[in-house]
Amino acid sequence: MILVTGATGTVGRALVGHLTALGAPVRAATRRPDRARLPGGVDVVGADLGEPDSLAAALRGVRKVFLLSDGPDIPRHDANLAAAAARAGAEAVVKLSSGRAADPDADDPVARWHRAGEQAVQDSGLAWTFLRPMGFMSNTLAWAGTIRAARTVRAPFAAGRVSVIDPADIAAVAARALTEPGHDGRAHLLTGPQALTPGEMTTILADVLGTPLAFTEIPPHAARRALLDHGLRPETADAVMALRAASLEPFAATITPAVQQLTGRAATPFRAWAERHREQFTEEPGGEPGGEPGAEPGAEPGRG
Ligand SMILES: NC(=O)c1ccc[n+]([C@@H]2O[C@H](COP(=O)([O-])OP(=O)(O)OC[C@H]3O[C@@H](n4cnc5c(N)ncnc54)[C@H](OP(=O)(O)O)[C@@H]3O)[C@@H](O)[C@H]2O)c1
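Residues numbered from 1 in each chain as written. Predicted model: local features only at pLDDT ≥ 70, side-chain atom pairs only at ≥ 80, totals over all residues. Heavy atoms only, no water.

1. Details of the pattern of salt bridges
In this structure the tally under the stated criterion is 17 salt bridges. With a closest N to O distance of 2.9 Å, D34 and R32 form a salt bridge. A relative accessible area of 60% means that D34 is categorised as exposed. Taking relative accessible area as the criterion, R32 reaches 41% and is therefore assigned partly exposed. For D238, the salt bridge identified is with R224, shortest N-O distance 2.5 Å. Remark: R224 occurs in helix 8 (residues 220-229) and D238 occurs in helix 9 (residues 234-246); sequence separation between them is 14 residues. (Salt bridge = Lys/Arg side-chain N within 4 Å of Asp/Glu carboxyl O. Buried < 20%, exposed > 50% of the residue type's maximum accessible area, 1.4 Å probe, protein only. Helix = DSSP H or I, 4+ residues; strand = E, 2+ residues; numbered from the N terminus.)

Below, the structure written as structure tokens:
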């Protein structure tokens, strides 16, 4: 049995799809099983990474775990999961980490949170694999509101260049790591095939959507204010802004062949991702849970 945490999120939902297609037995963890809308045949369980008792039940009979945690709770949640998995007799954890953890010069909160989480997994004594992706292409869904309302994208750090990745490619790599031998003790830096600025992504989106789009650079303090206005806690807003600033550093533009090597398929270009998600930029969100949730308010391709 494979336990997928974060199963209702962007990467986790795609991973559940891959694993069920492979015929692997899957248990999906969510805090709200009633709203999970996962495929039939998936064993959906209620679990909270902040509540170790709920993890013990979710881990019963599990051999491998996909660990997805987020935000300032990453170190504590990863430690909870790793300890519970070791107690339950699991064999291996595949953790969704961040490309920031791979940058030796990175000292921003997300890099620190994920490094602490990785350490907790290693300390558990379980076999481990770390997936360290660059910014998700799906973060651009945070632009959908101003694209619909004003045919405009507003973002800070216009010169920042990130080798953005399709979350579905991360899920494909995770499915391999959970079902094939040879991944233990390996950390994979996962990137898309091109490093793009927000302006270049805006140009591609305009082409895909068939409408002119303006790109306006906004100052970092205005971007941070927008995050706070969307309800992010100051600690989280500061972490997101540090990620965005990191898009100006050369490491953010690193391109690796990992997706191709690990899945046998070339990494998805941003244009292909945008074509698959065209409707999410043009149609008002329906408020349904699930689907590809895209991004937290104001998220940016510099995240992660
Ligand atoms: N966005 C980026 O550019 C980027 C880049 C690199 C790395 N990353 C990393 O990717 C991860 C986020 O992945 P994602 O975008 O796929 O996630 P997401 O779509 O934001 O979904 C978050 C998932 O976490 C679950 N969750 C939240 N709190 C939980 C808790 N206390 N206990 C159990 N489950 C909980 C949610 O499930 P329920 O609500 O159903 O419980 C949901 O399935 C983070 O670790 C982030 O650092 C992101």
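Now, onward.
2. Brief notes about the confidence of the model for the chain
On average, residues of the chain score 93 in pLDDT, and 94% of them reach the 70 mark or higher. Long-range and interchain partners of residues 287-302, a stretch whose pLDDT sits below 50, account for 51 contacts in this model, where long-range means more than four residues apart. (pLDDT = per-residue confidence, 0-100. Contact = heavy atoms within 4.5 Å.)

3. Remarks on the packing of helix 3 (residues 74-88) against helix 4 (residues 109-123)
Between helix 3 and helix 4, the least distance of the axes is 8 Å, while the angle of their chain directions is 15 degrees. Regarding the angle of helix 3 to helix 4, the classification is roughly parallel. Judged by the sense of rotation from one axis to the other, the crossing of helix 3 with helix 4 is right-handed. Between helix 3 and helix 4, the residues in contact are I74, P75, D78, A79 and A82 and W113, H114, A116, G117, E118, A120 and V121, respectively. Each residue belonging to the contact of helix 3 with helix 4 can be placed in one class, and the counts come to 8 nonpolar, 2 polar and 2 charged. (Axes fitted to C-alpha atoms, helices over the stretch in contact; angles between N-to-C directions. Parallel < 35°, antiparallel > 145°, perpendicular 65-115°, else oblique. Left-handed = near helix turned anticlockwise from the far one by under 90°. Nonpolar A, V, L, I, M, F, W, Y, C, P; charged D, E, K, R; others polar.)

4. Re the domain arrangement of the chain
Partitioning the chain into domains gives domain 1 (2-133 + 167-190) and domain 2 (137-163 + 192-254 + 267-282). For domain 1 versus domain 2, the separation of C-alpha centres amounts to 26 Å. Taken residue by residue, the interface counts 14 residues in domain 1 and 16 residues in domain 2. Here domain 1 and domain 2 share an interface that buries about 1,100 Å² over both sides, 66% of which is from carbon and sulfur atoms. Of all residues in domain 1, P72, R100 and D169 bury the most surface against domain 2, accounting for 34% of the area lost on that side. Here domain 1 is connected to domain 2 by 0 salt bridges. (Domains from an automatic or database assignment. Buried area = accessible area lost by both parts, 1.4 Å probe.)

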